Amino acid sequence: MATIGYADLPVPGGGDSPDGAAALAALAEAIDPHLVQHVANLAERNSTMGDAPTGMLVIAADGTAWAKTAAGWATLYEPLQAWQSTISLKAGFEEGTVDLGLRTTDGGKHVWLKGRIQRSDGQLIFDANAVNLGSVPSSLIPVELRTWDGTCSMAGATTDATGRLELLPTGASSAYGVAGDLLWWYQGTDGTSWVDISGDYWLD
């Protein structure tokens, strides 16, 4: 039986036996891995496409698209999820004028944060060492320490517009916090009335 195209599709030649059903089944089997497969969600992909060959493309109902590679599934596209209010604040702190939010991209490996945190008693956020503001969900704790610049209010005596935000990694435990805690380090005069935690980090 001859083959044609980059997919080597089997097509009966003139000298082949006229077994139409078998030839059609062979053609369908050869085409199937090259079709775009459709599933309801990630769970259905995992349960029904576990033995998918390398190169197969699968699209979920929400538009998420995956390609099977030699290393496993690669996310080609995923719709941007809504902000989730899943940041747990420590006692004495509350959400500021910008809503707190968290969401993930890149197959759940890239985490984004937004929002402002302030003290619930109206006092300035200030300490000679780290201030523990809150924590992220356990599923979003990175494997290594993550840090980024956090902007803050410049009202009052302070002249420093930024401080250091740290997210403690898996296994971390110290006087300042444990894994998943968000710490604020600041050396500005007198402290600040709010901290903006907007930033992003990778889990791996």
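Before any of the text, the structure's been laid out above.
The structure contained in this document is the topic of the report that follows. Note that the coordinates shown come from a computational prediction; the quantities given were computed from them, not determined experimentally. (Residues numbered from 1 in each chain as written. Predicted model: local features only at pLDDT ≥ 70, side-chain atom pairs only at ≥ 80, totals over all residues. Heavy atoms only, no water.)

### Here we look at the sheet that holds strand E12 (residues 131-135)
Okay, step 1: The five strands lie next to each other as E7-E12-E15-E14-E13, forming an open sheet whose pairing is antiparallel. In this open sheet, the two strands that pair with only one neighbour each are strand E7 (88-89) and strand E13 (146-151).
Okay, step 2: Judged from the two bridges that link them, E7 and E12 form a sheet pairing that is antiparallel. Paired with Leu 89 across the two strands is Gly 134, which belongs to E12. (Pairing = 2+ DSSP bridges. Helix = DSSP H or I, 4+ residues; strand = E, 2+ residues; numbered from the N terminus.)

### Some thoughts on the nonpolar core
Okay, step 1: Within the largest apolar cluster, 24 residues are counted, with the highest numbers of intra-cluster contacts made by Leu 113, Leu 133, Val 136, Leu 165, Trp 184, Ile 197 and Tyr 201.
Okay, step 2: Contributing elements (two or more residues each) for this core: strand E10 (110-114), E12, strand E14 (162-167) and strand E15 (181-185).
Okay, step 3: Once you skip the residues sitting within four places of it in the chain, Leu 165 turns out to touch Leu 133, Arg 146, Thr 147, Trp 148, Gly 150, Leu 182, Leu 183, Trp 184, Val 195, Asp 196 and Ile 197.
Okay, step 4: Val 39, Ala 52, Met 56 and Ala 60 belong to the second-largest nonpolar core, a separate cluster that totals seven residues. (Core = buried A, V, L, I, M, F, W, Y, C linked by side-chain atoms within 4.5 Å. Buried < 20%, exposed > 50% of the residue type's maximum accessible area, 1.4 Å probe, protein only. Contact = heavy atoms within 4.5 Å.)

### A few points about the environment of Leu 133
Okay, step 1: Assignment of secondary structure puts Leu 133 in strand E12.
Okay, step 2: In the structure, Leu 133 is positioned 32 residues away from Leu 165 in sequence and 9.7 Å away in space, judged by C-alpha atoms.
Okay, step 3: Residues within four places of Leu 133 in sequence aside, it is in contact with Ser 88, Leu 89, Lys 90, Phe 93, Ile 117, Leu 165, Leu 182, Trp 184, Val 195 and Ile 197.

### Some points on the side chain of Asp 181
Okay, step 1: Tracing the backbone through its elements, the reader meets Asp 181 in strand E15.
Okay, step 2: One polar contact links Asp 181 to Asn 132, side chain to side chain, over a distance of 2.9 Å.
Okay, step 3: A polar side-chain atom of Asp 181 sits 2.9 Å from the main-chain amide nitrogen of Val 178.
Okay, step 4: For Asp 181, the residues in contact, after removing those within four places along its chain, are Lys 90, Asn 132, Gly 134, Ser 135, Glu 166, Leu 167 and Leu 168. (Polar contact = N/O pair within 3.5 Å; in protein donor to acceptor, adjacent residues only side chain to side chain.)

### Remarks on the packing of aromatic side chains
Okay, step 1: Considering all chains together, one arrives at three aromatic pairs under this definition.
Okay, step 2: Ring centres of Trp 148 and Tyr 201 lie 6.1 Å apart, and the angle between their planes is 10 degrees; on these two criteria the pair is classed as stacked. Residue Trp 148 is located in strand E13, and its partner Tyr 201 is located in strand E17 (residues 199-202); the two are separated by 53 residues in the primary sequence.
Okay, step 3: For Trp 148, a relative accessible area of 11% puts it in the buried group.
Okay, step 4: On the numbers, 5.3 Å between centres and 20 degrees between planes, the contact of Trp 184 with Tyr 186 is stacked.
Okay, step 5: Accessibility expressed as a relative area gives 7% for Tyr 186, which makes it buried.
Okay, step 6: Arg 45 extends its terminal NZ or CZ atom over the ring of Trp 66, reaching a point 4.8 Å from the ring centre.
Okay, step 7: The aromatic ring of Trp 83 is capped on one face by Lys 114, whose charged end is 5.5 Å from the ring centroid. (Phe/Tyr/Trp six-rings, centres within 6.5 Å; stacked < 30°, edge-to-face > 60°. Lys NZ or Arg CZ within 6 Å of the ring centre and 35° of its normal.)

### Section: the pairing of E15
Okay, step 1: With four of five residues buried, E15 lies mostly within the body of the structure.
Okay, step 2: Note: E14 against E15, four bridges, orientation antiparallel. Counterpart to Leu 167 in the pairing with E15 is Leu 182.

### Considering the pattern of salt bridges
Okay, step 1: Summed over the entire model, instances satisfying the criterion amount to five salt bridges.
Okay, step 2: Where Asp 181 meets Lys 90, a salt bridge forms, and the shortest distance between an N and an O atom there is 3.3 Å. With Asp 181 in strand E15 and Lys 90 in the loop between E7 and strand E8 (93-95), the pair connects residues that are 91 residues apart, well separated along the chain.
Okay, step 3: Taking relative accessible area as the criterion, Lys 90 reaches 30% and is therefore assigned partly exposed.
Okay, step 4: The salt bridge involving Asp 121 is made with Arg 119; its shortest N-O contact spans 2.6 Å. (Salt bridge = Lys/Arg side-chain N within 4 Å of Asp/Glu carboxyl O.)

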